[in-house]
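What follows is each chain in one-letter form.
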Amino acid sequence: AQKITQTQPGMFVQEKEAVTLDCTYDTSDQSYGLFWYKQPSSGEMIFLIYQGSYDEQNATEGRYSLNFQKARKSANLVISASQLGDSAMYFCAMSPLTNSGYALNFGKGTSLLVTP
Amino acid sequence: GAVVSQHPSRVICKSGTSVKIECRSLDFQATTMFWYRQFPKKSLMLMATSNEGSKATYEQGVEKDKFLINHASLTLSTLTVTSAHPEDSSFYICSARVEDRGNSPLHFGNGTRLTVT
């Protein structure tokens, strides 16, 4: 069984600042993947970044980076140089890598508001 | 990039009627599609895994006779909410992987907001 925990229901950040969204997880799988998604108020789910459990380097995608600490079972999302358009819900999710047919298991999400 | 199209985006129906939601992979084939449900300000909850050419796999607590899933082709899965009731009002969203491996991200449709009156 897998469990994703996002402890921050809501976060504020000022435009152009960096922000870290927390995600911790628990799993009995040896091999797993961690994903972050953004959900604007329109409802669409936008894939941001992926980190594999055996990846030695932290993933980066443009302004998004993933601070992966395997021993602590955390996979925090860092958004640099925040923009007003970053205001949205952010979900951390994971899936075992042992079977391609697995769905993603999502955390409860963090609502991010970027202020001018 | 990969596109998953979901239709309709919004639907209002009367209690007791059925509603069909379509999920299409537009530029790739998907042997597996996933259906999620999301209540306001809540997380996505997996309802079922749709498998092309075979029966769907439902999560515990999801009534398979109420939420009928048909995955008739490699690009189309449908979710039919039968005899809808107000408590079925929710946001339904489908997803699929471009590549059939676990480290490939799920691509989501834009979702369907169902309101049952």
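So, here is what we can say about the structure in this document. (Residues numbered from 1 in each chain as written. Chains lettered and ligands numbered in written order. Predicted model: local features only at pLDDT ≥ 70, side-chain atom pairs only at ≥ 80, totals over all residues. Heavy atoms only, no water.)

## A look at the sheet that holds strand 3 (residues 19–25) of chain B
Residue and element names in this part refer to chain B.
In step 1: Pairing is antiparallel across the open sheet formed by four strands, whose spatial order is 1-3-8-7. Edge positions in the sheet fall to strand 1 (4–7) and strand 7 (67–73), since each has one partner strand and no second. Averaged over neighbouring strand pairs, the angle between their axes works out to 15° when direction is ignored.
In step 2: With five bridges joining them, strand 7 and strand 8 (residues 76–81) adopt antiparallel strand pairing. Bridged to Leu68 within strand 8 is Thr80. (Pairing = 2+ DSSP bridges. Helix = DSSP H or I, 4+ residues; strand = E, 2+ residues; numbered from the N terminus. Axes fitted to C-alpha atoms, helices over the stretch in contact; angles between N-to-C directions.)

## Description of the pairing of strand 9 (residues 74–79) of chain A
Residues and elements named next belong to chain A.
In step 1: Among the six residues that make up strand 9, five are buried, leaving the element largely enclosed by the rest of the structure.
In step 2: As judged from the three bridges shared by strand 3 (residues 19–21) and strand 9, these two strands associate in the antiparallel manner. Directly across from Val19, in strand 9, lies its bridge partner Ile79.
In step 3: Here strand 8 (residues 64–69) runs beside strand 9; their pairing, made up of six bridges, is antiparallel. (Buried < 20%, exposed > 50% of the residue type's maximum accessible area, 1.4 Å probe, protein only.)

## Quick notes on the state of the cysteines
In step 1: All told, the structure shown has two disulfides over all chains when counted by the stated rule.
In step 2: There is a disulfide in this structure between Cys23 of chain A and Cys92 of chain A, and the S-S distance comes to 2.0 Å. Taking the sign of the S-S torsion, -65° for the link of Cys23 of chain A and Cys92 of chain A, the bridge is left-handed. With a gap of 69 residues between them, Cys23 of chain A in the loop between strand 3 and strand 4 (24–27) and Cys92 of chain A in strand 10 (residues 88–96) connect regions that are remote in the sequence. The same class applies to Cys23 of chain A as to Cys92 of chain A, namely buried.
In step 3: Cys23 of chain B shares a disulfide with Cys94 of chain B; S-S distance 2.0 Å. Around the S-S axis, the bridge from Cys23 of chain B to Cys94 of chain B shows a dihedral of about 85° and counts as right-handed. Here Cys23 of chain B is found in strand 3, whereas its partner Cys94 of chain B is found in strand 9 (residues 90–97), with 71 residues between them in sequence. Across the pair, exposure class does not vary: Cys23 of chain B and Cys94 of chain B are buried alike.
In step 4: Of all cysteine sulfurs, the one in Cys94 of chain B lies closest to Cys13 of chain B, which takes part in no disulfide; the gap is 18 Å. (Disulfide = S-S within 2.5 Å.)

## Notes on the interface of chain A and chain B
In step 1: Taken together, the 20 residues of chain A in the interface contact 20 residues of chain B.
In step 2: Buried area between chain A and chain B, both sides added, is near 1,600 Å², and the carbon and sulfur share of it is 58%.
In step 3: At the boundary of chain A and chain B, one finds zero salt bridges.
In step 4: Classifying every residue of the side of chain A that touches chain B gives twelve nonpolar, six polar and two charged. (Contact = heavy atoms within 4.5 Å. Buried area = accessible area lost by both parts, 1.4 Å probe. Salt bridge = Lys/Arg side-chain N within 4 Å of Asp/Glu carboxyl O. Nonpolar A, V, L, I, M, F, W, Y, C, P; charged D, E, K, R; others polar.)

## Notes on the nonpolar core
What tends to happen in soluble globular proteins is that the nonpolar side chains get buried as a cluster.
In step 1: Counting residues in each nonpolar core, the largest one holds 24 residues, and the members touching the most others are Tyr25, Trp36, Ile49, Leu77, Ile79 and Tyr90 of chain A.
In step 2: At the level of secondary structure, the elements contributing two or more residues to this core comprise strand 3, strand 5 (32–39), strand 6 (46–52), strand 8, strand 9, strand 10 and strand 12 (110–115) of chain A.
In step 3: Counting residues per element, this core draws most heavily on strand 10 of chain A, at four residues.
In step 4: Once residues within four sequence positions are removed from consideration, Tyr25 of chain A is found in contact with Lys3, Ile4, Tyr32, Leu34, Phe68, Lys70, Lys73, Ser74, Ala75 and Met94 of chain A.
In step 5: Listed in part, the 23 residues of the second largest apolar core include Ala30, Met33, Met47 and Ala84 of chain B. (Core = buried A, V, L, I, M, F, W, Y, C linked by side-chain atoms within 4.5 Å.)

## Overview of the environment of Asn103 of chain B
In step 1: Mapped onto the elements, Asn103 of chain B comes out in the loop between strand 9 and strand 10 (106–108).
In step 2: Once you skip the residues sitting within four places of it in the chain, Asn103 of chain B turns out to touch Phe35, Tyr50 and Leu97 of chain A.

## Focus on the pattern of salt bridges
Residues and elements named next belong to chain B.
In step 1: Taken as a whole and assessed by the stated rule, the structure comprises four salt bridges over all chains.
In step 2: A salt bridge links Arg24 to Glu22; the nearest nitrogen and oxygen atoms lie 3.5 Å apart.
In step 3: Its relative accessible area of 35% is what places Arg24 among the partly exposed residues.
In step 4: Classification of Glu22 by relative accessible area gives partly exposed; the value is 25%.
In step 5: Asp88 is paired through a salt bridge with Lys66; the nearest N and O atoms lie 2.8 Å apart. Highlighted residues: Asp88 in the loop between strand 8 and strand 9 and Lys66 in the loop between strand 6 (57–58) and strand 7, separated in sequence by 22 residues.
In step 6: Classification of Asp88 by relative accessible area gives buried; the value is 4%.
In step 7: Residue Lys66 is classed as buried on the basis of its relative accessible area of 11%.

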